[in-house]
Amino acid sequence: MPDRLPLAYYEDHDTLTLSQQLLGCEFVHDSPEGPSAGIIVETEGYVTGDPACHAYRRETKRNAAMFGPAGTLYVYQIYNHYNCINVVTGPKGVGEAVLIRALQPTEGIDLMTLRRNEAFKTGFARYRQNTIDSSTADGFRNLCNGPGKLVISLGISRTEHNGSSLVTGPIYIRPRVLTDFDMVTTTRIGITQGVDLPYRYYIQGNRFVSRK
DNA sequence: CGTTAGATAGTCT
DNA sequence: GACTATCTAACGG
């Protein structure tokens, strides 16, 4: 029995509270190739009435998973190439979510490295020669220190995993394994709307955070 | 260190 | 037709 957060955990907290409480929890993918996991060190909240939220206008084909029940996984494609993952929050019919921006790898390091290297070979033409060496400090840090990278490292795909349940599916979140840390609250990254809203949270001093 | 340009698809208006 | 919740290398100080 995997030690995973139950449905009530996602239902009982509002989106911004959950964005903060997910810090220090472990994000896991039990894939056919093996397990891989990391501690959540950076999140962003996207809520109703927030112009940066994908559900701001209405439900569409892309954002449909955001309107599902709390504890659903929302995977979307960004910048023509990468994918990002969100933990859907709020009741069914409400489109809110927590973006997972960075992980501190804990399990399946070799599998993560393999996936990143495979992605280089089949991805951008300019980066086909790139490799990650996770036995170096820099290589290890670069496995999951950004929303696009962690999706590759964990082997999550939009077509396979968008809309899957964190409560019953192969991708889930374990309760906090890290509790003794200070949290930084700041504005979100890479957006052009809602730039002043302080909905980004990260573990102070953690070297796997995408950027200070 | 810092900032910036370029690669690159699918979905929405 | 326009618009991104990114990543990487290359450049300048």
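Residues numbered from 1 in each chain as written. Chains lettered and ligands numbered in written order. Predicted model: local features only at pLDDT ≥ 70, side-chain atom pairs only at ≥ 80, totals over all residues. Heavy atoms only, no water.

So, the pairing of strand β6 (residues 171–174)
Walk down a regular strand and you will see the side chains alternate between the two sheet faces.
Here is step 1: What you see with β6 is no split at all: Ile-171 and Ile-173 on one side and Tyr-172 and Arg-174 on the other are buried throughout.
Here is step 2: With four bridges joining them, strand β1 (residues 26–31) and β6 adopt antiparallel strand pairing. Bridging from a neighbouring strand, Glu-26 pairs with Arg-174 of β6. (Buried < 20%, exposed > 50% of the residue type's maximum accessible area, 1.4 Å probe, protein only. Helix = DSSP H or I, 4+ residues; strand = E, 2+ residues; numbered from the N terminus. Pairing = 2+ DSSP bridges.)

What about the packing of aromatic side chains?
Here is step 1: Scanning the entire structure with this criterion turns up five aromatic pairs.
Here is step 2: Geometrically, the ring pair formed by Tyr-9 and Tyr-10 is edge-to-face, given 6.2 Å between the ring centres and 85 degrees between the ring planes. Both residues of the pair, Tyr-9 and Tyr-10, belong to the buried class.
Here is step 3: The interplanar angle of 25 degrees and the centroid separation of 5.8 Å between the aromatic rings of Tyr-82 and Phe-124 together place this pair among those described as stacked. Here Tyr-82, found in strand β4 (residues 82–89), pairs with Phe-124, found in the loop between α3 (109–122) and α4 (137–141); they are 42 residues apart in sequence, far enough to count as distant.
Here is step 4: An aromatic cluster is defined as three or more aromatic residues linked by ring pairs; in this entry it consists of Tyr-82, Phe-124 and Tyr-127.
Here is step 5: Residue placement shows Arg-4 over the ring face of Tyr-172; its charged tip is 4.4 Å from the ring centre. (Phe/Tyr/Trp six-rings, centres within 6.5 Å; stacked < 30°, edge-to-face > 60°. Lys NZ or Arg CZ within 6 Å of the ring centre and 35° of its normal.)

Overview of the protein's contact with DNA strand C
Here is step 1: Every one of the 22 residues lining DNA strand C counts as a neighbour, but Tyr-76, Asn-86, Arg-116, Lys-149 and Gly-190 are closest to it.
Here is step 2: Among the atoms of DNA strand C close to the protein, meaning within 4 Å, 68% are from sugar or phosphate groups.
Here is step 3: Between DNA strand C and the protein, one listed contact pairs a phosphate oxygen with a side-chain N or O atom of Asn-130 at 2.8 Å.
Here is step 4: When residues of the surface near DNA strand C are traced back to their parent elements, those giving at least two are β3 (73–78), β4, β5 (96–107), α3 and α5 (147–154).
Here is step 5: Residues that form the surface near DNA strand C fall into these classes: twelve nonpolar, seven polar and three charged. (Near = heavy atom within 4 Å. Polar contact = N/O pair within 3.5 Å; in protein donor to acceptor, adjacent residues only side chain to side chain. Nonpolar A, V, L, I, M, F, W, Y, C, P; charged D, E, K, R; others polar.)

Points about the pattern of salt bridges
Pairing is possible between side chains that carry opposite charge, provided their charged atoms lie close to one another.
Here is step 1: Here the structure, examined in full by the defined rule, presents nine salt bridges.
Here is step 2: With its nearest N and O atoms 3.8 Å apart, the salt bridge here joins Arg-101 to Glu-44. On the criterion of sequence distance, the pair formed by Arg-101 in strand β5 and Glu-44 in strand β2 (residues 34–46) is long-range, its members being 57 residues apart.
Here is step 3: Notably, a salt bridge pairs Arg-188 with Asp-50, separated by 2.6 Å at the nearest N-O pair. (Salt bridge = Lys/Arg side-chain N within 4 Å of Asp/Glu carboxyl O.)

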